[in-house]
Amino acid sequence: MSMPMQRPMAGGARAGQVQRSSAALRSVASQVPFTAHRANFSSKRVLRQDARVEAPSRVVVVRAEADLTGLTPGHPYPWEEDFDLLGDKVKEVTDQLLPDLRGCNIWLVGMMGSGKSTVGKMLANTLKYAFFDTDSVIELAHDKKPVSQIFAEEGQDYFRQCESQIIKELSPYRNLVISTGGGAVLKPQNWGYMHLGIVAWLNGDTELLARRVAKDGIEKRPLLAADAPEGADMQQVAKTKLDALLEDRRKYYENADVVVTLEGYGKDLEDGAPTAAVMYRLLTAINDKVQAKKREQAERMNFTIEGADQLKTMRTMDSPAGGLQLDGNQAP
Ligand SMILES: Nc1ncnc2c1ncn2[C@@H]1O[C@H](COP(=O)(O)OP(=O)(O)O)[C@@H](O)[C@H]1O
Ligand SMILES: O=C(O)C1=C[C@@H](OP(=O)(O)O)[C@@H](O)[C@H](O)C1
């Protein structure tokens, strides 16, 4: 199913450098869901890993009256601060959404550090979808080389081609949550494929993102690590670069179908909303979108043809069938 792709020589590829185009990308294709059970990148394994990430601790029957005492006053979604309550809410919205979602893929976009991979795994687990992370698929297709090394050895253009290839190959499947790399939004062709599903933007402020990527180590994100002065405050370096990137990219992210804020309240002010809360916001935003679409479709079906009553009794006098009513009954 993979399309052979030409790797451009421009943008860093020197003469004599090995041309690794279609071979690498064919193995990218081997990571897609229908072969996932035999590939290293097993969606089952990812789902098992999910069990270890912070999740609503249990899902219980939705309580009629939620007890919100003791939670942060003014919190717009106070139940997010109590994982039992949040579990109820997640169940409620998932139950409504799932039948209407009908296997539609969910694509997560957003800047580096916005939590696309972390939240994506949990969302996939909740919806019983398979999870794919385009960065991880690219790494696996290159003998587990980290993205930073692929950038260094092959250049950004090559990485972007791999990314587009994966997006294209995953798009015809169903029941997937796909976490994309932060720059996947830059190519219009990627949007053509992502818009076959629902695209959700995880939107957080760069202060929060910088804190997270600095904690991970900015060397993992080549666009942030490039030319970082030795001994500099890496969080500050990351923040400056993220600000510039976001300024360029915002207009692309704004093409998303739904936007979810990462803002945290109360004790989560600094670290941003917990993963389960972000997932809840995602589910709610997607559900709102899907239900609105459903209402719009129902509305469109609810029409009457003007003059339909006259049509019923009209006689076609000059036709061989004159004297026959259009509903098939013989005229008196
Ligand atoms: N809701 C959250 N609360 C706290 N830390 C988070 C949250 N979501 C993600 N993180 C952390 O932020 C870092 C970046 O998350 P990641 O999922 O890799 O982002 P992305 O895939 O968008 O680059 C990771 O260290 C992750 O553990
Ligand atoms: O924003 C970007 O251009 C990139 C984001 C990274 O993914 P994450 O957003 O998952 O960190 C990765 O694809 C690569 O380093 C480039």
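Residues numbered from 1 in each chain as written. Chains lettered and ligands numbered in written order. Predicted model: local features only at pLDDT ≥ 70, side-chain atom pairs only at ≥ 80, totals over all residues.

1. Comments concerning the overall build of the protein chain
Counting its regular elements, the protein chain contains 13 helices and five strands. Within the protein chain, buried positions represent 35% of all 332 residues. A sequence separation of at least 24 residues applies to 72% of the contacts in the protein chain between residues at least 6 apart. (Helix = DSSP H or I, 4+ residues; strand = E, 2+ residues; numbered from the N terminus. Buried ≥ 20, exposed ≤ 12 C-beta atoms within 10 Å, placed from the backbone. Contact = placed C-beta atoms within 7 Å.)

2. Here we look at helix α7 (residues 156-170)
One full turn of an α-helix is made of 3.6 residues, so residues set three or four places apart face in the same direction. Compared with an ideal rise of 1.5 Å per residue, which puts 15 residues at 21 Å, α7 spans 21 Å between its outermost C-alpha atoms and is within 8% of the ideal. Turning to α7, its buried residues number three or more, namely Y158, Q161, C162, E163, Q165, I166, I167 and L170. (Expected span 1.5 Å × (residues − 1).)

3. As for the site of ligand 1
The full set close to ligand 1 counts 18 residues, and G115, K116, S117, T118 and R212 are the nearest of them. Of all elements in the fold, only α4 (116-127), α9 (206-216) and α12 (275-301) reach the threshold of two or more residues within the shell around ligand 1. Classifying every residue of the shell around ligand 1 by side-chain character gives four nonpolar, nine polar and five charged. (Near = placed C-beta within 6 Å. Nonpolar A, V, L, I, M, F, W, Y, C, P; charged D, E, K, R; others polar.)

4. Remarks on the sheet that holds strand β1 (residues 106-109)
A sheet is described by the order of its strands in space; here five strands give the open sequence β2-β3-β1-β4-β5, paired in parallel fashion. Both outer strands of the open sheet, β2 (130-133) and β5 (258-261), are each paired with one neighbouring strand and no more. With strand direction ignored, the average angle separating the axes of adjacent strands in the sheet is 20°. The sheet contact formed by β2 and strand β3 (residues 176-179) spans four bridges and is parallel. Opposite F132, over in β3, you have I178 as the bridge partner. With respect to the sheet, helix α5 (residues 134-141) is in contact with β2 and β3, its orientation differing from that of β2 by roughly 70°. (Pairing = 2+ DSSP bridges. Axes fitted to C-alpha atoms, helices over the stretch in contact; angles between N-to-C directions.)

5. Things to note about the site of ligand 2
Every residue near ligand 2 is listed here: M112, K116, S117, D135, V147, G181, G182, G183, R221, P222 and L223. Within the residue set of the shell around ligand 2, elements represented by two or more residues are α4 and α10 (222-225). Residue composition of the shell around ligand 2, grouped by class: four nonpolar, four polar and three charged.

6. Some remarks on the environment of D157
Tracing the sequence through the fold places D157 in helix α7. The sequence separation of D157 and R281 amounts to 124 residues, and the corresponding C-alpha distance is 34 Å.

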